[in-house]
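Close look at the chain arrangement
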Amino acid sequence: MAEPGKFIPIAKPTLDEREADAARRPILSGWVTQGPEVAQFEREFTALVGAEHACALSSCTTALHVALLTVGVRPGDEVITASHSFIASANSIRYCGAKPVFVDIDPATYNIDPGRIEEVITPRTRAILCIHQMGLPCDVRAIVEIARRHNLRVVEDAACAIGSEVCYGGRSEIIGRPHGDIACFSFHPRKVLTTGDGGMLTTSNAEYDRRFRLYRQHGMTVPDTVRHASKQVVFESYAELGFNYRMTDIQAAVGREQLKRLPELIKRRRALAQRYRKLLHDLPGAIPPHEPDWARSNFQSYCVRLPGDCNQRAVMQYMLDAGIATRRGVMCAHREPAYAADDWSCGVPPGECDCPPGRCARLRESERAQDQAIVLPLFHGMTEAEQDRVVATLRDAVHSASAGRSSTDAS
Ligand SMILES: *Cc1c(COP(=O)(O)O)cnc(C)c1O
């Protein structure tokens, strides 16, 4: 048995006096909603990812919604994406009245399989929403090539991928330039950087950036900051249907401190990931994350595929009983009750599919990844002793939960 000890959470944000001090600035300034701190955060973010424009929003979910509206996704359109993602990816398509068309993943990378995209393109397809899952870049170059051939736009769900890199033609490029038309980032506490909640859009298209700013603030033509600073009376108007998707200046002030930490955070995450890989050598059948030679993950999540005969829920319960949090593999949207058969497609025309509910033959690798993988704890302050304990406990858990041994749960 591994040594019992203090509870090990799945993730822990890296926040201290620096962020607390930064939050004092807007709080004491008298301007707390979207204002000068947000503008400065955006400038610093463009410098970090090498984008021409960055626009801060209230979350990555709202960023995805705005990105899809901006590239022209409208009711009746189809958007190609992965079911195997956090549900916000697919939901954002439905917010536009459009239909997610799900493509299976590559089981080695957990990312959308570019080789299966073209077969589901129809005259209604408007865009591809690709996901850099758990921080590992998807093959965005191949996806953009397909999109250009078919006159489709590419939105990158980079919620988890701040600081991740692709290396094409020997050149390393950070995610978010962007490689597609728009990239969307998240600052939820489960991600590498956090502002409590928050999101960011990046693009090299000035017209897109203008539309982001309208959508996030009610479609308002003259922002409150401009009116506030004006010596002349200014009347704004509302050009189109917009939203309140603003980030506050309190969040942005925290975000600016977080940006400074990024190199150090990623370095530590990569070191811990490398160490996990070594430790997992002793666990036959367990498959650590794979990094293709053209991609570098920030290891937002560390996902391990369990040996084939192993009961996932029993392993997770064993770990939890031993004081270690885990999460199951990334969910599949098409298996959730919020997704009735009419709300999505796998490319098989309606009425021609005979897959049982929750088991789609064309999304088999997505379902297998959800059922067989688990996410292990990984956070900046994690110690090597904690990591040793996670792997030792996992070894015991796998042993106890392997076929013929588990009695906990067969569902
Ligand atoms: C976390 C996450 C989101 C949602 O981000 P929020 O900022 O919480 O709205 C979207 N897509 C993916 C892949 C995510 O992991």
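Residues numbered from 1 in each chain as written. Predicted model: local features only at pLDDT ≥ 70, side-chain atom pairs only at ≥ 80, totals over all residues. Heavy atoms only, no water.

1. Some thoughts on the overall build of the protein chain
Helix and strand counts for the protein chain come out as 11 helices and 13 strands. Out of the 411 residues in the protein chain, the part that is buried amounts to 56%. Within the protein chain, residue pairs in contact and separated by at least 24 positions form 75% of the contacts whose partners lie at least 6 positions apart. Surface summary for the protein chain: the accessible area is close to 18000 Å², and the carbon and sulfur share equals 52%. (Helix = DSSP H or I, 4+ residues; strand = E, 2+ residues; numbered from the N terminus. Buried < 20%, exposed > 50% of the residue type's maximum accessible area, 1.4 Å probe, protein only. Contact = heavy atoms within 4.5 Å. Areas by Shrake-Rupley, 256 points an atom, 1.4 Å probe, with all protein chains shown as cover.)

2. A closer look at the pattern of salt bridges
Enumeration according to the criterion identifies 28 salt bridges in this entry. A salt bridge links Arg261 to Asp16; the nearest nitrogen and oxygen atoms lie 2.7 Å apart. Taken together, the residues Arg261 in helix α8 (residues 249-279) and Asp16 in the segment before α1 (17-29) connect sequence positions 245 residues apart. Residue classification places Asp16 among the partly exposed residues on the basis of a relative accessible area of 37%. Its salt-bridge partner being Arg213, residue Glu42 comes within 3.2 Å of it at the nearest N-O pair. (Salt bridge = Lys/Arg side-chain N within 4 Å of Asp/Glu carboxyl O.)

3. Some points on the environment of Gly180
Looking at where Gly180 falls in the secondary structure, it is placed in the loop between β7 (171-174) and β8 (182-186). Gly180 sits in the buried class, given a relative accessible area of 8%. Between the C-alpha atom of Gly180 and that of Ile128, which follows or precedes it by 52 residues, the distance is 9.3 Å. Excluding residues within four positions of it along the chain, Gly180 makes contact with Val140, Val144, Val154 and Glu156.

4. Some words on the sheet that holds strand β2 (residues 78-82)
Pairing between the strands of a sheet is mediated by backbone hydrogen bonds and can be parallel or antiparallel. Spatially, β1-β9-β8-β5-β4-β2-β3 is the arrangement adopted by the seven strands of the open sheet, whose pairing is mixed. Two strands bound the open sheet, and with one partner strand each, they are β1 (53-57) and β3 (99-103). For this sheet, the mean inter-axis angle between neighbouring strands, taken without regard to orientation, is 25°. Along the sheet face, helix α4 (residues 87-95) touches β2, β3, β4 (125-131) and β5 (153-157) and points at about 145° away from the line of β3. Strands β1, β5, β8 and β9 (199-203) of the sheet are contacted by helix α6 (residues 206-216), whose axis makes an angle of about 15° with β1. (Pairing = 2+ DSSP bridges. Axes fitted to C-alpha atoms, helices over the stretch in contact; angles between N-to-C directions.)

5. Some details on the domain arrangement of the protein chain
One can read the domain layout of the protein chain as domain 1 (17-260) and domain 2 (262-410). A separation of 26 Å is found between the C-alpha centroids of domain 1 and domain 2. In this complex, domain 1 contributes 46 residues to the contact, which on the side of domain 2 involves 44 residues. Interface area for domain 1 against domain 2, summed over the two sides, is near 3700 Å², with a carbon-plus-sulfur share of 57%. Together, Phe102, Tyr110 and Met134 form the three largest contributors to the area buried by domain 1 at its contact with domain 2, with a combined 17%. At the surface where domain 1 touches domain 2, the tally comes to three salt bridges. The shortest N-O distance in the salt bridge between Arg362 and Glu119 comes to 3.5 Å. Counting the contacts that link domain 1 with domain 2 gives 26 residue pairs in polar contact (both at pLDDT 80 or more). Every element with two or more residues in the side of domain 1 that touches domain 2 is listed here: α4, β3, β6 (165-168) and α8. The leading source of residues in the side of domain 1 that touches domain 2 is β3, at five residues. In the side of domain 1 that touches domain 2, the residues fall into 26 nonpolar, 10 polar and 10 charged. (Domains from an automatic or database assignment. Buried area = accessible area lost by both parts, 1.4 Å probe. Polar contact = N/O pair within 3.5 Å; in protein donor to acceptor, adjacent residues only side chain to side chain. Nonpolar A, V, L, I, M, F, W, Y, C, P; charged D, E, K, R; others polar.)

6. A look at helix α3 (residues 60-70)
Along α3, 10 of the 11 residues are buried, which leaves the element largely enclosed by surrounding structure. For α3, the set of buried residues is Cys60, Thr62, Ala63, Leu64, His65, Val66, Ala67, Leu68, Leu69 and Thr70. Immediately beyond the C-terminal end of α3, within one or two residues, lies Gly72, with a positive phi of roughly 95°.

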